[in-house]
Structure formats: structure tokens, C-alpha cells
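Notes for the structure review
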Amino acid sequence: MPANKDPNPAIASPHRSLFAFLRPSHSHTTTSATLLLTLSALLSRVIGLIRDQYIAYKFGAGHNTDAYNVAFYLPEWINYVLVGGAASITFVTILDRYRATDNEAEGERALSIILNTMVIVLGSAILVAEIFTPLFTRIYFDPASPEGILCTRITRILLPAQLFFFAGGVLASVLLVRKQFSFQAISPLIYNLGIIFGGVLLASRMGISSLGVGALIGTILGPFLLNAYGAYRAGLRYRRILDLHHPGLREWVRLSLPLMLGVTIITLDNQILGYFAKHGTGDISRLNYAKRLFTAPMAIIGQAAGAASMPFFASLFGRNQFASFASAVNRSVSRLVAFSLLGSAAMIALAQPAFDLIFRRGSFNAADATSTASYFAIFAISLALWTAQAIYARAFYAAGETFAPMLAGTIITIVSIPIYWQLHQHFGVIGLAWASNLAILLQAGTLAILAHRRHLVPIYGPPGPYTGLDRPEITRAAIAALVSLAGATLLLHLVPQPQTYRGDIIALAIGGLTWAILAAATLHLTGSKLLTQLRSRIA
């Protein structure tokens, strides 16, 4: 036996499996991809939390932070209008078809053509936007005011980042069709670290504009260069060619055009909130702090699973395994909704001590923390809706259907704007948080009904290959969520803690333990399988 051979493969295999799981070229299953992206999302949100803590500590919630938050709106809008905000999603569907027919060389040619064409289009749009940025700023601020000037400056710094986001998304699709997720897991970490380091290193000279510089550098290093390196390792060879008649380009335009022309509440929620909240100093910032912390569990529970599931959904549908496709989507939605309901209960019960502990320091005072916590608690109610719509949307994209969901999303967005306006008029900023929940309810419900009516993914059905959602399991989770929420909230009310860092930690410990015990006990008593599934996933 050679000296370098392990004499006992059975003992060594767990270690090899672990390293194989982390290796960039490892081809993942749905479970391992979900686990990897969930861990990545968790770590990314921890870094994002540190980022938000730094911004709150250094700049608080006022005119400067309002300007900084609004500065992201125009770059994001250009990204959604010109590339649908979903470069990797549509490319996965296209490249998977080339891969299924053993024609990857032509798939690479199509990718190069689309990338080159859109870099020209997107680059031209960014150049025009750089010139006319003050016109967009006018929607939120007086362009000649200090916050207007600051918003314009940061927007112009951020605009070129959309080129690198798009190119990185295209290159990431090469890895996703190979079921390789490691680079996608790492790139958002680098992006968030870029913002933090930009602030720490440049804030003394550039003020809050330093965060924009950090975001641009983080985009280049993470989403772009990291995915470019991964695609090169996977064998992709970029070509400097243009061919407007190539069928791959036409297919991409067919899939992406509805995403470009349509708007959804998913993409515009923050901008609508910012528009109505612009009259109160710091209101935009407090809503953004609440929404960003809310999106942490949403990303961990929903977006990671959605991103991991997309290539597998596309593979099942592309091979005409429609029953397996529908079953896979319904399993994902059922589990995510169940876990999201439990997560909502914890988030609502612990909102006040959590925000007081995390954000109340430096320029961010106790009143800021209290109002932001109330927005967060309201947003938390809709966690299950956000996670469900993420899966349903990817089911449509995997099936090559983008027009119907985008048309529905556009109609819902138009219908929702008066809801934001009315609730803001009657209830102020709190009303905006409730309006956001109502809008996502319309969005998620419409996607679910649309998928059912188009015989894509049934909501309900008789036993068999097209079984619908696991409604009994969702009901058990809802009962557990209500019981744990009531118990944790009542105990924190009966045993109040002072708003000090020590008091916040004690409140979080008491409330969190009560929530966990009551949720687990209720799930066990109702016969839920969630705990068993969770233990098996961890194992």
C-alpha cells in the first residue's frame, strides 16, 4: 500500500466529505447548496449587521444617512430596468438548455455575446445617468440642499457598480448550472466588508461618501472578480464578439424583457417607502435599518433556499419531469413558510431589546431604537410571504415563464401605491410598514394562484404526483408561532428589564428561551415533523 494512501477510508471519508463540500468545484445537491448558501447568508448578515451598527454609530439617523440610503435607488433602478435585476436567474435557464444538449461551447459563445452587448447598453445608460443624476435626486430632495448634493455625489459613485453586478451575475450562472455555489456564497461577504472598510479608512476625509466608495470596491472584488475567477476555473473562455442575431441573445431578451419592462413590489418597496417618508428627518434611515435587519432572516430562510433551488428547478423542468418539479416547489414553500412563521414569532417578541442592544449607541439614540424596533416588528409579520414569493418566482423563471409573473407584479405595484399613500396619510410612518406587508401579501398570493391556475405548481390537490402544499404542517407551525409569541411577550411584560445593555441581554435570553421551549413543545404536541427534519438536515 503506498504511504500516502489512507489505510482506513471509512475513517477519513468524513473529513474528505467536509473539504469536498467547501471546495469551490464541488457539485452540490439541493440540500448541501441550501446549507452552504444559508451559512453564507448568515455570515453575510452578521457582517451586514456590523456594517449597519457602524453606520448608525458613526452617522446616526438624519439627513446624511437619508441621502446615503436614497443614493442606492437610481443604480438599483437602472439594474432592474435594463437587466431585470436577475442576470444569473435567466442565464441559468438558458445555459442549462445548452448543457442538457451537450452544446456547452455554443452556450459559452452565447454568454460572451450577451455579456458584450449588455455591457455596451448598460454602460451607455450609466453614463447618461451620471449626467442627469440631479433630476432623480429632485424626487426626494432639493438638489441644491446639502442632503441633495450629498445624495447626488454618492449616487454617481455607486452607478458604475451596476456594470460589475451584471457581469458578475452572468459569470455566476456558469457556476450555478454546474451546481457550484461556493463563489456565490463568498461574494456578498466581500461586498459588505468593502463598505465597512471604505467607511473605516476614508470616513475622516470623505464623510459618509466613503461608504459609497467601499460599496463600489466591494462590488468589483466580490460579485465580479470572484465569479470571474470561478468561471475561468470552470473552463469558461470569454470571447470579444458581437452577434445581434444569435439565438442565445434572442432567447435571453425573450426571458429578460418582461423583467425589464415590469416592476414588482419586491424591487420598489424600499423606494416607495423612501418617497413617502422623505418629509421626516431620519425616517428613511430608520425604515431602512428596520428593513435591512428584517431581510437578514428573510435571506437566511428564503433567499438562500431560493437561490440554491433555482438550478434544480430548471433541471427538472427542462427534462420534462413536471410532477417532480411541482412537488419540489411545494416542499420548499411548505417548509420555508413553516419555519418563517416560527421566525416571525421570535422577531416580534424580541424586537425591542434586540434593537436597543444592537443600535443604541453613538449618534443613534434610544428614541431612534424604539421607533425602528416598532417598524421591524411590523415587517416581521410578513416573513413567510417574502420567503414564499421568492420560491414561487424562481419556479416561474425555471419554467421559462417571465411575462405572466412580471405583468401581475406590475399591476400589483400600481394597485399598492395608493395603499402606501392612504396608510401614510392616516398613520404616518407606521402606516408605511403595514402597507409594505399588504403589498407583499398581494404579490405572494397572486404568484401562488397564478402558478396553480397555469397548472405549474398546485396549491392543493389529491394525493398523487401533483400534491399541493403541506397545509397541516403549516397549520401546526402557525399554532406553535402563536403560542410561543404569546408566551414570550407575556413573560417579558411581567418581568420587565431596564433599557440598558445588561437588561437587553437578559430580556433577549429570557424571551428567546421561552420562545424556543414553547415552540418546540407545541410542535411536538401537535405531531409536527419540522423538528425531525431540522435535526436530519443538521446531521
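Structural data are supplied above this passage.
Below is a short write-up of the structure. (Residues numbered from 1 in each chain as written. Predicted model: local features only at pLDDT ≥ 70, side-chain atom pairs only at ≥ 80, totals over all residues. Heavy atoms only, no water.)

**Points about empty space enclosed by the protein**
Under the definition given, this model contains two cavities of 30 Å³ or more. For the largest cavity, the calculated volume is near 100 Å³. What lines the largest cavity is L95, Y98, R99, E104, G107, E108, V174, V177, R178 and L236. Breaking the lining of the largest cavity down by element, the ones donating at least two residues are α5 (87-100) and α6 (104-137). Empty space within the second largest cavity amounts to approximately 40 Å³. Lining of the second largest cavity is provided by Y73, N270, L273, G274, A277, I284, L287, N288 and K291. Secondary-structure elements contributing two or more residues to the lining of the second largest cavity are α12 (265-277) and α13 (283-318). Taken together, the residues of the lining of the second largest cavity sort by class into five nonpolar, three polar and one charged. (1 Å grid on protein atoms, 1.4 Å probe; cavity = no way out; pocket = protein on both sides within 12 Å on 5 of 7 lines; lining within 4 Å. Points joined across faces, edges and corners; volume = space filled by probe spheres on them. Helix = DSSP H or I, 4+ residues; strand = E, 2+ residues; numbered from the N terminus. Nonpolar A, V, L, I, M, F, W, Y, C, P; charged D, E, K, R; others polar.)

**Focus on unusual backbone geometry**
One non-glycine residue, H455, lies in positive phi territory at about 60°. Relative to the helices and strands, H455 resides in the loop between α19 (429-453) and α20 (471-494). The exposure class of H455 is exposed, given its relative accessible area of 71%. (Buried < 20%, exposed > 50% of the residue type's maximum accessible area, 1.4 Å probe, protein only.)

**Brief notes about the side chain of S344**
Its place among the elements puts S344 in helix α14 (residues 322-349). In contact with S344, other than residues within four places in its own chain, are A380, I381 and L383. (Contact = heavy atoms within 4.5 Å.)

**With respect to the packing of aromatic side chains**
Tallied over the full model, the rule gives 16 aromatic pairs. On the basis of an interplanar angle of 55° and a centroid distance of 5.3 Å, the ring pair of Y73 and Y140 is categorised as tilted. Here the residue Y73 occupies a position in helix α4 (residues 73-83), and Y140 occupies one in the loop between α6 and α7 (146-158), the gap between them amounting to 67 residues. Among the residues examined, Y140 registers a relative accessible area of 9% and is labelled buried. (Phe/Tyr/Trp six-rings, centres within 6.5 Å; stacked < 30°, edge-to-face > 60°.)

**Points about α12**
Across its 13 residues, α12 extends 17 Å between first and last C-alpha, which sits within 8% of the 18 Å expected from 1.5 Å per residue. In terms of burial, α12 is a largely internal element, 10 of the 13 residues being buried. What α12 keeps buried is the set I265, T267, L268, D269, Q271, I272, L273, G274, F276 and A277. (Expected span 1.5 Å × (residues − 1).)

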